[in-house]
Amino acid sequence: MIGDVVGRPGRKVCKAAITRLRAAVELDFVSLNGENLAGGFGITSKIFEEMTAPGMADVITMGNHWSDKPDVHVVRRSSPRLVLPQNLADLEGVDKLPVFEMRGGAKKIVVINLMGNFAMKGDYGCPFAFVEKHRDQLRAWVKSGEYVVVADVHAEASSEKQAIAWYLDGVVAALVGTHTHTPTSDERVTARGTAFLTDVGMTGPYESIIGMDVERTLRRYFGPKEKRAHEVAEKDSWFCGFLVEICARRGVAVAAHRLQWREAVDAWRVTTTTC
Ligand SMILES: [Fe+2]
Ligand SMILES: [Fe+2]
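Since this is a predicted model, take the numbers as computed values, not measurements.

A. View of the sheet that holds strand β10 (residues 204-205). Pairing in this open sheet of four strands is antiparallel, and the strands run β10-β11-β12-β13 from one edge to the other. Strands at the two margins of the open sheet, each flanked by one partner only, are β10 and β13 (267-274). Pairing of strand β12 (residues 253-262) with β13, which is carried by eight bridges, proceeds in the antiparallel orientation. Counterpart to R258 in the pairing with β13 is T271. Most of the contacts of helix α1 (residues 7-24) go to strand β11 (residues 237-246), to which it runs at about 40 degrees, and overall it touches β10, β11, β12 and β13.

Shown next, in the form of structure tokens:
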């Protein structure tokens, strides 16, 4: 599971890192958060094709920037592999739980994508009510031995992400937080088999302010206030992901690896956690 991929530098480092990972380990399923893929804001059909090409991501989850580019509606009508936040209000069919095949057809995988409440502009339903409504069903699916459940909770507040992780403890095999564009280092695998990380972090340029050009962004805060349009930064790209090993029998996590790859120096940081 890969965090918010920001703009062209993010796409480049993401593709290079996935290729390297696939050469080293067998990945049965790859998700990435794509709300910032197109110039930092939203997604286009062309970029969707690029990032879900063979050998890249299986699904793309989204967040508050989901509709920044109108092309998103073309993508969502043409491919189930674009997963929108299920608590988006007033978008027909978005609240259904999307199910995909894992590589090799061993299991089905349910991909949850939810928007948090705190400091989020937009029209969203309550993420907690959503998981409350679906938890029993999800648990039954996992118990059946046929399903794995993963979640990308797109939220500003760490507390909201952690609350959903613990509420779904033993139900979701993997839960990552996204949105803050800043990785946390609190990865855990619980005794019941939920691997979670409060925020997986941005995949994109880190010589930046959450992925955006430093000079331009500083002018929004310092000196005579000048609200310049955001522009994606270019330097020091990192890939940030969470690689979760899932027990084939129980459908829950047995180990998780927080992965960061700094492109310029070709350096990996891998932190491994087991339950
Ligand atoms: Fe983002
Ligand atoms: Fe976001």
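B. Highlighting the side chain of N113. Within the fold, N113 resides in strand β5 (residues 108-115). A distance of 3.1 Å separates a polar atom in the side chain of N113 from the backbone oxygen of D152. Other than its neighbours up to four places away in sequence, N113 contacts T61, M62, V83, L84, P85, Q86, N87 and D152.

C. Molecular detail of the coordination of the iron ion (ligand 1). For the iron ion (ligand 1), the protein coordination sphere consists of D4 (OD), E35 (OE), N36 (OD1) and H181 (NE2), at 2.0 to 2.2 Å. Geometry at the iron ion (ligand 1) is irregular, judged from its four donor atoms and the angles of 89 to 163 degrees they form at the metal. Read from N- to C-terminus, the donor residues coordinating the iron ion (ligand 1) fall into the pattern D-x30-E-N-x144-H.

D. Molecular detail of the nonpolar core. With 34 residues, the main nonpolar core has L32, I60 and L82 as its most contacted residues. At five residues, the largest contribution of residues to this core is made by α1. Setting aside anything within four residues of it in sequence, one finds L82 in contact with I43, F48, I60, M62, V72, V75 and R76.

Parameters at a glance
Residues numbered from 1 in each chain as written. Chains lettered and ligands numbered in written order. Predicted model: local features only at pLDDT ≥ 70, side-chain atom pairs only at ≥ 80, totals over all residues. Heavy atoms only, no water. Pairing = 2+ DSSP bridges. Helix = DSSP H or I, 4+ residues; strand = E, 2+ residues; numbered from the N terminus. Contact = heavy atoms within 4.5 Å. Axes fitted to C-alpha atoms, helices over the stretch in contact; angles between N-to-C directions. Polar contact = N/O pair within 3.5 Å; in protein donor to acceptor, adjacent residues only side chain to side chain. Donors = N, O, S within 2.8 Å, 3.2 Å for Na, K, Ca; no water. Tetrahedral: all angles 85-135°; square planar, octahedral: opposite > 155°, others 65-115°. Core = buried A, V, L, I, M, F, W, Y, C linked by side-chain atoms within 4.5 Å. Buried < 20%, exposed > 50% of the residue type's maximum accessible area, 1.4 Å probe, protein only.

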